[in-house]
Amino acid sequence: MSVTDLTFERWRALDQEAAARHAREAARQVGGQLVHVDSAPHLDGVLHRALIERAGQRFALIPGGEVTVGFELDAWQPLAEQLDSYRTESLRGGYGFDPDPRAHLAQFLTARRTVTVPTLLIAVEPEELTELPDMVPAALAGRGLRLPSPDEWEHACGAGATTLFRWGDHCPLDNSPYGAGSGPRHQPNAFGLHIAYDVYRAEMTSDPASVYGGDGGEAVCGGYGAFVQWLPLATANRNPAMAEFLTGPDGADMCEEFSTRPVLELA
């Protein structure tokens, strides 16, 4: 079985020694070096994390195949403290939010769906944009890289989790979703990525209408309430306002406020 045939389900079924062999083969294909492999409990099983370094940049191996991404909003039940925050802070703040938190979330979360994505390598850390948004694909291509698709970004972030956030359905409402600190957002995700960790970090994808990982601090600066402030870090949250800003005239002058997460394809 080649590395490109290594699906998410097959990856989870491997032992760590076999996972390391496949990861070394992936590193060889891209002219990189395997620098770390470990395994951790995930989704009632085990998931391996393999990090590969190439040209001074670290990438995580993301097995693909047929995977499920998005969020099943109809089945979601907000935690008591989340519902209380939404009612007492967000609704009473006079921002015009819908009384039903599900209706509010529906504006931002992609629907649960099954997609097919390739097995690939994706950067552990995002990169700040150094080019105008429409020039980023060419700049990445010059380095042998490309932008992730929305499906690839969501799969890389959530790693098969069905929860609102990559770490679960809860969020620490007594902490801010930005800056330094502790908590689940600062921990590497199941694939070893530093992702969805700061609402001020908004990441563009190959779809100009899909920006993930943050809202530029809009909810925090607007005082929308603790729960709503955390929502930009939800795995399926693609913020339409940020996408419109990025591709509009104002975004051209503030492209350094955005970032992307380069993809390195496997042969």
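Conventions adopted
- Counting restarts for each chain, with residues numbered from 1 along the sequence as it is written.
- Where local features are concerned, this predicted model is filtered to residues with pLDDT of at least 70; where side-chain atom pairs are given and counted, the filter is 80 or more; whole-chain, interface and lining totals use all residues.
- Just so you know, side-chain values use all the structure's heavy atoms and leave hydrogens and water out.
- Note on terminology: a nonpolar core comprises buried Ala, Val, Leu, Ile, Met, Phe, Trp, Tyr and Cys residues joined through side-chain atoms within 4.5 Å.
- Throughout, exposure labels follow a simple rule: accessible area from a 1.4 Å probe, protein chains only, divided by the maximum for the residue type, with under 20% read as buried, over 50% as exposed, and the rest as partly exposed.
- The helix count covers DSSP runs of H or I at least four residues long, the strand count covers runs of E at least two residues long, and both are numbered beginning at the N terminus.
- We call two residues contacting when some pair of their heavy atoms lies within 4.5 Å.
- By salt bridge we mean one thing: a side-chain nitrogen of Lys or Arg within 4 Å of a carboxyl oxygen of Asp or Glu.

S.K.: Can you help me understand the nonpolar core in this one?
M.R.: In this structure, Leu61, Ile62, Leu121 and Leu193 are the most contacted members of the largest nonpolar core, which totals 53 residues. The greatest single-element share of this core, amounting to 5 residues, is contributed by helix H2 (residues 16–29). When residues no more than four places from it in sequence are discounted, the contact partners of Leu121 are Val30, Ile52, Phe59, Ala60, Leu61, Pro262, Val263, Leu264 and Leu266. Tyr86, Phe165, Val199 and Val220 belong to the second largest nonpolar core, which has 22 residues in total.

S.K.: Quick question: what am I supposed to make of the pattern of salt bridges here?
M.R.: Once the charged atoms of two side chains with opposite charge are near each other, the side chains can pair. Tallied over the full model, the rule gives 11 salt bridges. Here Arg58 ties to Glu53 by a salt bridge, and the two come within 3.2 Å at their closest N and O atoms. Looking at Glu53, the relative accessible area reads 30%, which means it is partly exposed. In this structure, Glu128 and Arg201 form a salt bridge, with 3.5 Å as the shortest nitrogen-oxygen distance. One end of the pair, Glu128, is in strand E7 (residues 127–128); the other, Arg201, is in the loop between helix H6 (150–158) and strand E8 (202–204), with 73 residues separating them in the sequence. Looking at Glu128, the relative accessible area reads 48%, which means it is partly exposed. It is possible to trace a salt-bridge network through shared partners that takes in Arg113, Asp151 and Glu154.

S.K.: Any chance you could explain unusual backbone geometry here in plain terms?
M.R.: Where the residue is not glycine, phi is negative for most of them; where a peptide bond is considered, it is trans in most cases. Even without being glycine, Ala159 reaches a positive phi, approximately 50°. Looking at the element boundaries, Ala159 is found in the loop between H6 and E8. Unlike most non-glycine residues, Ala196 shows phi in positive territory, near 50°.

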